[in-house]
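# Residue-level structure breakdown
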Amino acid sequence: MTGPWVAPELLAALPVPWQFADPVERGKATRDLPPDPQQRAEAVQALEMCLPYLVDVRDRYGDETDWGLPKAFFDDYWFLLYARLKQSMPTLTDVTPERVRDWAEEYLDADDVFGATWTTPPDEVVDRIGRSWAFFIVQGATESLVRWLRQVGPDHLDDSERARVVDLLKEASRRLQWRLTIITIPAVLDLGGPDEKDYFDRLASEPGLHEKTRAEAESVSSFIDRPHERSRPSRVRRPPSDRVVSHAVGPGAAANTGSGGQGSRVTQPAP
């Protein structure tokens, strides 16, 4: 049985341009969105839907997952396949079993990638590719949402909106994959301020968390202890680890790091 890979409620809450698959296209389209009440409400609602999905992914698959796809799918063929995935399924709404199957039939070399001889991809292959591509889009959308809310927050979010976003990020950061926590934890500082230091300290000492999540929380807590840096100008400065955000370009990048996967990364400046 294949699809659907995200709940209809998530699709409804994640409008274009947030659900664009291409990070560059999504970044250009969302960077200049006006922070008016409608856009702010849509962004908060989208975050409310995306975070539980990503928490569920981590609960099911842990911090590292290859989605049951062969290593060659990501290591040897990813950049070519990635361009064709974006072309065939440019938004989250497009990620359907029918579209994935058509894409696999047209672009996948079953023998090279899977060591198989099928011409019509089996359901389990369609399911694994669909899950991985849907995750890639939702993860990217969440990163963009957090960056946008963080950017507009100091001047445009009202107190209730800011408190809601901080609560969402604090609750989720304990249960997200570490590649997202290095984005969400600094956002809690920017939107919640130094009063969140106790939260960062608890996070940094929580033994069940990934070491990079704990390290990010410790870095942010230490940053709060340096008032001479925090006193520069109006907005709280970002800790060094968040000045540049590494965005994994493949949904299997978690499986690649440590085995040549660093070559499959692009860096994007944080807002």
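Reference entry: report on the structure contained in this document. Here the residue index of a chain counts from 1 through its sequence in written order. The predicted origin of the model limits local features to residues at a pLDDT of at least 70 and limits the giving and counting of side-chain atom pairs to 80 or more, whereas totals for whole chains, interfaces and linings rest on all residues. By convention in this description, side-chain values take in all heavy atoms of the structure and omit both hydrogens and water.

Further remarks concern the nonpolar core. Grouped together as the largest cluster of nonpolar side chains are 72 residues, with contacts concentrated most on Leu-14, Leu-47, Tyr-53, Phe-73, Trp-103 and Trp-133. Helix and strand definitions here come from DSSP, where helices need a minimum of 4 consecutive H or I residues and strands a minimum of 2 consecutive E residues; each element is numbered from the N-terminal end. Per-element tally for this core: the top contributor is helix 8 (residues 123–156), with 15 residues. Residues are treated as being in contact if the distance between any of their heavy atoms lies within 4.5 Å. Once you skip the residues sitting within four places of it in the chain, Phe-73 turns out to touch Trp-78, Leu-81, Trp-103, Leu-108, Val-113 and Ile-129. Nonpolar cores were defined as sets of buried Ala, Val, Leu, Ile, Met, Phe, Trp, Tyr and Cys residues, with membership established by side-chain atoms within 4.5 Å. Throughout, exposure labels follow a simple rule: accessible area from a 1.4 Å probe, protein chains only, divided by the maximum for the residue type, with under 20% read as buried, over 50% as exposed, and the rest as partly exposed.

This brings us to the packing of helix 5 (residues 78–88) against helix 6 (residues 97–107). At a minimum axis separation of 11 Å, helix 5 and helix 6 run at an interaxial angle of 140°. Considering the angle they form, helix 5 stands oblique to helix 6. Considering how the two elements wind past one another, helix 5 and helix 6 form a crossing that is right-handed. Within the contact between the two elements, helix 5 uses Leu-81, Arg-84, Leu-85, Gln-87 and Ser-88 and helix 6 uses Arg-99, Trp-103 and Tyr-107. By residue class, the composition of the contact of helix 5 with helix 6 is four nonpolar, two polar and two charged. For helices, the fitted axis covers only the stretch in contact; all axes are lines through C-alpha atoms, and the angles between them, taken along N-to-C directions, range from 0 to 180 degrees. Here the angle decides the label: under 35 degrees means roughly parallel, over 145 means roughly antiparallel, 65 to 115 means roughly perpendicular, and every other value means oblique. Note on convention: the crossing is left-handed when the near helix lies turned anticlockwise from the far helix by less than a right angle, right-handed when the turn is clockwise. In this count, Pro and Cys sit with the nonpolar residues alongside Ala, Val, Leu, Ile, Met, Phe, Trp and Tyr, while Asp, Glu, Lys and Arg are called charged and the others, Gly among them, polar.

Next up on the list: the layout of surface pockets. By volume, the second largest pocket amounts to about 150 Å³. Contributions of two or more residues to the lining of the second largest pocket are made by helix 3 (37–61) and helix 9 (159–173). Sort the elements by how many residues they give to the lining of the second largest pocket and helix 3 lands first, with four residues. Along the lines of polarity and charge, the residues of the lining of the second largest pocket split into five nonpolar, no polar and three charged. Buriedness for pockets is judged along seven lines, at least five of which must meet protein on both sides within 12 Å for an open set on the 1 Å grid over protein atoms alone, while cavities are sets there where a 1.4 Å probe fits but cannot get out, and lining residues have an atom within 4 Å of a point. Grid points are joined across faces, edges and corners, and a volume is the space filled by probe spheres set on the points.

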